[in-house]
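Read off the chains here:
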Amino acid sequence: MALNKGIKAQLLPLCSHVYLREAKEKKEFPYVVFDTRPIGEYRAVVELDLWGVRGSEFALQKLADDIEEHLHGSVLSAPQYLANPLSNNDQKWVPDENKDILHINMSFDCIYHN
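A.B. asks: I'd love a proper account of the overall build of the chain, names of residues and values included.
C.D. replies: Helices and strands together make up the secondary structure of the chain, namely two helices and seven strands. Of all 114 residues assigned to the chain, the portion counted as buried reaches 40%. Sequence separation of 24 or more characterises 53% of the internal contacts of the chain that already satisfy a separation of 6 or more.

Encoded structure:
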């Protein structure tokens, strides 16, 4: 989906480690994993998972805030699609079994036109 390329392009200036659906096995923190889930003919939810390590709570929260500020209300466009302003649905800390790992989940609504 071309929308995924546009979202990744928006995230890369904020975090140099951005992956679609699954992180590589050897990854550097912090990193972002994202995916888009269609919820209608021209609507999708963009899910982002931000990962960090214990001791970097403030840095990971700043990354989440920067992503929210950058994506909220942004318009993504390319020859194949136009995504109207993204709106932030949710942002929450998610407990991880490994207490050394930090995880923030975010989601955005997106209306797009092919």
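There is more to say after this.
A.B. asks: For helix α1 (residues 2-11), give the residues involved together with the corresponding values.
C.D. replies: Listed as buried for α1 are Leu-3, Asn-4, Gly-6, Ile-7 and Leu-11. Down the axis of α1, the smallest arc covering the buried residues is 160 degrees, so these residues share one side.

A.B. asks: Got a sec to walk through the side chain of Asn-105? Specific residues and values, please.
C.D. replies: Note on placement: Asn-105 falls in strand β7 (residues 101-113). In terms of polar contacts, Asn-105 uses its side chain to reach the side chain of Glu-47, at 3.3 Å. Side-chain polar atoms of Asn-105 contact the side chain of Asp-49, separated by 2.9 Å. When residues no more than four places from it in sequence are discounted, the contact partners of Asn-105 are Glu-47, Leu-48, Asp-49, Asp-90, Gln-91, Lys-92 and Val-94.

A.B. asks: An account of the packing of aromatic side chains is requested, with residue identities and associated values reported.
C.D. replies: One pass over the structure, following the stated rule, counts three aromatic pairs. Both rings, one in Phe-29 and one in Tyr-31, keep their centres 5.4 Å apart while their planes meet at 45 degrees; by these two values the pair is tilted. Phe-29 sits in the partly exposed class, given a relative accessible area of 34%. Looking at Tyr-31, the relative accessible area reads 7%, which means it is buried. Measuring from ring centre to ring centre gives 6.3 Å for Tyr-31 and Trp-51, while their planes differ by 20 degrees; the resulting arrangement is stacked. A residue pair is termed long-range when its members are at least 10 positions apart, and Tyr-31 in strand β2 (residues 31-38) and Trp-51 in strand β3 (residues 43-53) qualify at 20 residues.

A.B. asks: I'd like a rundown of the nonpolar core, residues and numbers included.
C.D. replies: The biggest cluster of nonpolar side chains holds 22 residues, and the ones touching the most others in it are Leu-11, Val-32, Leu-48, Leu-50, Leu-63, Ile-67 and Met-106. Broken down by secondary-structure element, the contributors of at least two residues to this core are α1, β2, β3, α2 (57-71) and β7. Per element, the largest residue contribution to this core is six residues, and it comes from β7. Each residue touching Leu-11, except ones within four places of it in the same chain, is listed here: Val-18, Val-32, Phe-34, Leu-48, Ile-67 and Leu-71. Core analysis: the second largest hydrophobic core is formed by six residues, Ala-23, Tyr-31, Trp-51 and Ile-101 among them.

A.B. asks: Any chance you could break down the side chain of Thr-36 for me, citing the residues and the numbers?
C.D. replies: Assignment of secondary structure puts Thr-36 in strand β2. We classify Thr-36 as buried; its relative accessible area is 10%. Polar side-chain contacts of Thr-36 include one of 2.8 Å to the side chain of Asn-4.

A.B. asks: Just give me the short version of unusual backbone geometry, but keep the residues and values in it.
C.D. replies: The step from Phe-29 to Pro-30 runs through a cis peptide bond, and the omega angle for that step is -10 degrees. Of note, Pro-30 is situated in the loop between β1 (18-20) and β2. For Arg-21, which is not a glycine, the phi torsion comes out positive at approximately 70 degrees. Checked against the element boundaries, Arg-21 lands in the loop between β1 and β2.

Calculation notes
Residues numbered from 1 in each chain as written. Predicted model: local features only at pLDDT ≥ 70, side-chain atom pairs only at ≥ 80, totals over all residues. Heavy atoms only, no water. Helix = DSSP H or I, 4+ residues; strand = E, 2+ residues; numbered from the N terminus. Buried < 20%, exposed > 50% of the residue type's maximum accessible area, 1.4 Å probe, protein only. Contact = heavy atoms within 4.5 Å. Arc of directions from axis to C-beta. Polar contact = N/O pair within 3.5 Å; in protein donor to acceptor, adjacent residues only side chain to side chain. Phe/Tyr/Trp six-rings, centres within 6.5 Å; stacked < 30°, edge-to-face > 60°. Core = buried A, V, L, I, M, F, W, Y, C linked by side-chain atoms within 4.5 Å.

Don't take any of this as a statement about function, it's just geometry.
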